[in-house]
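Letter by letter, the chains look like this.
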Amino acid sequence: MSKIAERTGIIWTPDDPLDLLSVDVDGNCSESEFQGMLAINQAGRDWLTGKIDIVEYLDKLEHYGIPNPFEIVDEFAEHVDFVISHAK
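Since the structure is predicted, the reported quantities are computational estimates derived from the model, not experimental observations.

Criteria and thresholds
- What you see as residue numbers is a count from 1 along each chain, following the sequence as written.
- Whole-chain, interface and lining totals are the exception, using all residues; otherwise, since this is a predicted model, local features are given only for residues with pLDDT of at least 70 and side-chain atom pairs are given and counted only at 80 or more.
- Heavy atoms from the whole structure form the basis of all side-chain values; hydrogens and water molecules are not counted.
- The rule for a salt bridge is simple: a side-chain nitrogen of Lys or Arg has to be within 4 Å of a carboxyl oxygen of Asp or Glu.
- Runs of E in the DSSP output that reach at least two residues are strands. Runs of H or I that reach at least four are helices, and both are numbered from the N terminus.
- For Phe, Tyr and Trp, where Trp contributes only its six-membered ring, two rings pair if their centres lie within 6.5 Å, and the inter-plane angle classes them as stacked under 30 degrees, edge-to-face over 60, or tilted in between.
- Whether a residue is buried, partly exposed or exposed follows from its accessible area with a 1.4 Å probe, protein chains only, as a fraction of its type maximum: under 20%, in between, or over 50%, in that order.
- Only C-alpha atoms enter the line fits that serve as axes; for helices the fit covers just the stretch in contact. Angles between N-to-C directions range over 0 to 180 degrees.
- Angle categories are assigned with fixed cut-offs, so that under 35 degrees is roughly parallel, over 145 is roughly antiparallel, 65 to 115 is roughly perpendicular, and the rest are oblique.
- The contact criterion used is simple: two residues touch if any of their non-hydrogen atoms lie within 4.5 Å.
- Any residue that is not Ala, Val, Leu, Ile, Met, Phe, Trp, Tyr, Cys, Pro, Asp, Glu, Lys or Arg is counted as polar, Gly included; the first ten are nonpolar and the last four charged.

(A) Representation of the pattern of salt bridges in the model. Overall, the coordinates contain two salt bridges when judged by the stated rule. Here Arg-45 and Asp-16 are joined by a salt bridge, their closest N and O atoms 2.5 Å apart. Here the residue Arg-45 occupies a position in helix α2 (residues 31-48), and Asp-16 occupies one in the loop between α1 (3-8) and α2, the gap between them amounting to 29 residues. Here Lys-60 ties to Glu-56 by a salt bridge, and the two come within 4.0 Å at their closest N and O atoms. Pair noted here: Lys-60 and Glu-56 are both in helix α3 (residues 54-63), with a separation of four residues, about one helical turn.

This is the structure in structure tokens:
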């Protein structure tokens, strides 16, 4: 089972794969935190659509303070593989 499936208790297949990578901020965030959220989510979309490569995506995650960006990508890949292997 993937870490995402273990954590949520479901085999989640979102309509948009960006939902597995996106981040959010609360309503009390600063303008820079909000802009960082937008940049991170755009980078995720750009990676998923092939506009940037994995190295550039990971660099952007690190630039905006995401700790251990490899873990996020590993979880994403692991969950996608898990969903594909259980699709019937």
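There is more to say, and it comes next.
(B) Fine view of the packing of aromatic side chains. Counted by the stated rule, this structure contains one aromatic pair. With centroids separated by 5.1 Å and ring planes inclined at 5°, the aromatic side chains of Trp-47 and Tyr-57 adopt a geometry described as stacked. Of the two residues, Trp-47 sits in helix α2 while Tyr-57 sits in helix α3, which places them ten residues apart along the sequence. Classification of Trp-47 as buried rests on a relative accessible area of 18%.

(C) Inspection of the packing of α2 against α3 at higher detail. The interhelical angle for the contact between α2 and α3, taken along N-to-C directions, is 170°, at an axis separation of 10 Å. Taken as axis vectors, α2 and α3 run roughly antiparallel relative to one another. When α2 is examined against α3, the residues Ile-40, Ala-43, Gly-44 and Trp-47 are found in contact with a partner set consisting of Ile-54, Tyr-57, Lys-60 and Leu-61. Considered class by class, the residues forming the contact of α2 with α3 number six nonpolar, one polar and one charged.

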